[in-house]
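So the chains spell out like this:
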Amino acid sequence: MTLPRHALLAAAAALAVSTAPAVHAQAAGPLKVGLMLPYTGTYAALGNAIENGFRLYIAEQGGKLGGREIAFVKVDDESDPAKATDNVNKLIKRDNVDVLVGTVHSGVVAGMAKAAKDSGTMLIVPNAGADAVTGPMCAKHIFRSSFSNWQPGYAMGEVVAKKGHKKVVTITWKYAAGDESVGGFKESFTKAGGQIVKELTVPFPNVEFQALLTEIASIKPDAVYTFFAGGGAVKFVKDYAAAGLKKTIPLYGAGFLTDGTLDAQGADADGLLTTLHYGDSLDTPRDKSFRLAYATAYKLQPDVYAVQGYDAAQMLGIGLAATKGDIAKKAEFAAALEKARIDSPRGAFTIGKSHNPVQDIYLRQVVGKENKVVGVASKALADPGRGCRM
Ligand code: BEZ
């Protein structure tokens, strides 16, 4: 059958109309963000704070980044490394997300980073400090808005050595975050002449600390260094005080020990010294406006996790602004972040060679319900990015 000329012209016009707007719709339609975070378990509060911070920044931009509306697909990763690959593949393969944002747990992020690398999906890590992500697993399209496990630990090793402590016991969960936090501490503490007399661990997310606290009491070290976070940190600080150790053996930690936990820890946390890239009393205009906006939106005080979520959204915004909303332009997206100065509530930071924040690590002391900043423990500390080759 031959079609009349006017019908052919109409068909051609319809084809032109149907293809051109499709490309346009894809570029201008919502950007799909795959949020993979813990919403249950010991890190649930951390996941919620990250999402709150992420959404707050987007709301402040009128709901768009780089001209694109933002749509969310969420997965509860339960902080379970065994489910990480299935969970991230749901987002990549089933939901076709444009960008992955997650997660909290270092064991889970390893699965995410592998899947992101294999599929070429952009990934912004808003917490998990696994040294491998910005070390051997680093990639052009993987960035972190938070810290490496090494950073707060390394800063605290110097603080504890300067206080004159010589013999320290470490205690943590037996997984990458605990091991690497202790590793950072040990590196700077032993370099300064200190000695680690015992390394104690419990499996994640176990909170049965009694036997290990008894062991610490019998060793009588000069001090204890610890990494715990979320629900586990609440229990550890309370158990340490209840065992009578707080009065006799000073307890130091990576700041997760007392961040987002002070309401539940009460007086048992009073006076504790920790190191972290955020604190409650920075007293800068940038932080004050962030804290006010967060408290207004959520009727909650923000913590370090909220800041990291907020900054993950800022980083996504910087990349999307540079690519006019086209996240497929990965080289341009990465170049924009590599030269960015991110205006964070924690203080401005840059992104190092291995795509981890180069940032001040504060020394904080718990005073009432606040992690009060008492100084800068390490200025512009960059993760060594050992093993990173992009
Ligand atoms: C981690 O697994 O990397 C992590 C979890 C909670 C707080 C800080 C680090």
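Each chain has its residues counted from 1, running along the sequence as written. Residue-level local features of this predicted model are given only where pLDDT is at least 70; pairs of side-chain atoms are given and counted only at 80 or more, and the full residue set underlies all totals for whole chains, interfaces and linings. Working from all heavy atoms in the structure, the side-chain values ignore hydrogens and water.

S.K.: Please explain the overall build of the protein chain as it appears in this structure.
M.R.: Each helix corresponds to a stretch of at least 4 residues labelled H or I by DSSP, and each strand to a stretch of at least 2 residues labelled E; elements are numbered beginning at the N terminus. Per the secondary structure count, the protein chain includes 12 helices and 15 strands. Taken over the C-alpha trace, the protein chain has a radius of gyration of 23 Å; the compact-globule value for 390 residues is 21 Å, and the two agree within 12%. Each of the three principal axes of the protein chain carries a C-alpha extent, and together these read 95 × 40 × 35 Å. The buried label goes to any residue with under 20% of its type's maximum accessible area, the exposed label to any with over 50%, and the partly exposed label to all in between, with areas taken from a 1.4 Å probe on protein chains only. Within the span of the protein chain, comprising 390 residues, buried residues form 54% of the whole. Only heavy atoms matter for contacts: two residues are in contact if any of them lie within 4.5 Å across the pair. Summarising the internal contacts of the protein chain: among those between residues at least 6 apart in sequence, 69% fall at separations of at least 24. For the protein chain, the accessible area works out to roughly 15900 Å², and carbon and sulfur atoms hold 57% of it. None of His or the chain ends enter the tally, which takes Lys and Arg as positive and Asp and Glu as negative. Here the site of a charge means NZ on Lys, CZ on Arg, CG on Asp, or CD on Glu. Taking the 44 positively charged and 37 negatively charged side chains of the protein chain as two groups, their mean positions are separated by 4 Å. For this measure, only C-alpha atoms enter the radius of gyration; the expected value for a globule follows 2.2 Å times N^0.38, where N is the number of residues. Accessibility throughout is a Shrake-Rupley quantity obtained with a 1.4 Å probe, and a residue counts as covered only by protein chains that appear here.

S.K.: Could you clarify how one ought to interpret the layout of surface pockets in this entry?
M.R.: To find leftover empty space, a probe the size of one water molecule is rolled over the atoms. The method works on a 1 Å grid over the protein atoms by themselves. A cavity is a set of points holding a 1.4 Å probe that cannot get out, a pocket is an open set with protein on both sides within 12 Å along at least five of seven lines, and residues with an atom within 4 Å of a point line them. Grid points are joined across faces, edges and corners, and a volume is the space filled by probe spheres set on the points. Each pocket or cavity is described by its volume, and for the largest pocket that value is around 590 Å³. If you trace the largest pocket, you find 28 residues lining it, with Gly260, Thr261, Asp263, Gln301 and Asp303 closest to the centre. Mapped onto the lining of the largest pocket, the elements with two or more residues apiece are α2 (44-60), α8 (230-242), α9 (262-265), α10 (285-298), α11 (304-322) and β15 (370-381). Residue contributions to the lining of the largest pocket peak at five residues, all from α2.

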